[in-house]
Structures are given as structure tokens and as C-alpha cells.
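Here is how the chains run, residue by residue.
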Amino acid sequence: MTLLFALPFFFSGCDTAKQLGSQLGSQLGGAYNVINCDYKYNSISNLDLAGIRVSEGLSLTNITKATSLLSGNAASIPLNFTLNLNVNNPNQSAAFLSGLDYILSIDGIQFTTGSLSQALNVPANGNSILPLGIGFDLATLLKGESKDAASGIIKNFLGIGSQKSNVSFQIRPSFAIGGVSIPSPIYIPIEFSFGGK
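Residues numbered from 1 in each chain as written. Predicted model: local features only at pLDDT ≥ 70, side-chain atom pairs only at ≥ 80, totals over all residues. Heavy atoms only, no water.

A. Structural view of the side chain of aspartate 48. Here aspartate 48 shows up in strand β1 (residues 38-49). When its relative accessible area of 14% is taken as the criterion, aspartate 48 is described as buried. Discounting chain neighbours no more than four positions away, the residues touching aspartate 48 are Arg53, Pro78, Leu79 and Asn80. (Helix = DSSP H or I, 4+ residues; strand = E, 2+ residues; numbered from the N terminus. Buried < 20%, exposed > 50% of the residue type's maximum accessible area, 1.4 Å probe, protein only. Contact = heavy atoms within 4.5 Å.)

The following block contains the structure:
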């Protein structure tokens, strides 16, 4: 008699185990797929240099203010922007990430590194935009040997530079699998150029 009462709970437990197994398999598949997506530069938006909203257009006053910041000895020059990436998922199932680490280098100068809790879910054979909020202080880069190169790069951000800047942006996705965040074993490189005439 006790056995008959226990059977529904046993089968219910089996169903739960199957669901968990299926969920875990889906999470692993989505994590694998995101590594095999194609990442490309889309745009830079919300560009703000020390309170100057560059994305809204530069007036002569703002250009003068920005260039004086770059040539002076300011203790802090915060630069914040959103780097928008196109993500193409060629896989037959969804791709997703729960966060990422990144390394941003421009013209051979490492500008910044960081981590973002940025969720993304790209459907099978679909596309999505991954907006990444990035910020760092330029003041440290405008000292020493990197000063001239960094100044030229910032002029490109402002749209007043004469030479193109080559960007190397590397991302290492992380995935929530079974409630645990696991980083990818590899960084995915994304290369692009901007600025110049």
C-alpha cells in the first residue's frame, strides 16, 4: 500500500530530473552557441567626455573645451560611451550570455578592461544588438609616452581627428549554468576602425 502512494512522487521526481537535465542541456547549448556567434562593430553612442555630450553634436565652444582638456593637466577626464555590437547567431538554437569581461585597446594602447553583467539572448538564426556601457578615466593615458597617441585617439572619438584609429575589442562571455556563472575559456576578438578623414 505504501508503495502505491510513493509511486506518484517517484515519477514526479523523475519528471523534475528530466526537466532539470533538459534545462541544463539548453543552458550548455546556449553558452556554446554564443562563442560561435559572429560579432561586428555597429556604432558608438552616448559619448560623453567630462560632461560634454559629444553624441549630441559638438559646438565650437565644446570643441575648444575638449581640446583644452586634452592638452592640459586635468586630474580626471572621464570618458563614457556605449559600444554597440551586432551579434549574428548562425546556430539552430538560441545563444545567450549572462555577462562578459572585456579588453579595449586602440592603436596598440590598452585603454581599459572591465566586467559587465550584461544579459543577451539571440534567437536561432537571428541577430541582435549588444549595447555595452564602457567608461574610464583618460587622465592617466594622457601622461608619459602614450600622451600623443591617446590625444589623437580622443580627437577621433570627438570627430576632429585626421588619422583613423584601429580598435581591438576582446570579449570573454560568461554563462549562468545551473545558477553558477562560468566564464568562457577564450576571448573573442572584434576589430574595427573609426575616425580620420
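B. Representation of the pattern of salt bridges. By the definition in use, this model includes three salt bridges. Arginine 53 is the salt-bridge partner of aspartate 48, the closest N and O atoms lying 3.6 Å from each other. The class of arginine 53 is partly exposed, set by a relative accessible area of 33%. With its nearest N and O atoms 2.8 Å apart, the salt bridge here joins arginine 172 to aspartate 101. Note that arginine 172 is positioned in strand β9 (residues 165-177) and aspartate 101 in strand β5 (residues 99-106), a separation of 71 residues in sequence. Classification of arginine 172 by relative accessible area gives partly exposed; the value is 24%. (Salt bridge = Lys/Arg side-chain N within 4 Å of Asp/Glu carboxyl O.)

C. Molecular detail of the environment of phenylalanine 192. Structurally, phenylalanine 192 can be placed in strand β11 (residues 188-194). Here phenylalanine 192 falls in the buried class, since its relative accessible area comes to 11%. Sequence spacing of phenylalanine 192 and asparagine 42 is 150 residues, and the spatial spacing of their C-alpha atoms is 9.6 Å. Excluding residues within four positions of it along the chain, phenylalanine 192 makes contact with Tyr41, Leu83, Ser165, Asn166 and Val167.

Shape descriptors only; they carry no functional weight alone.
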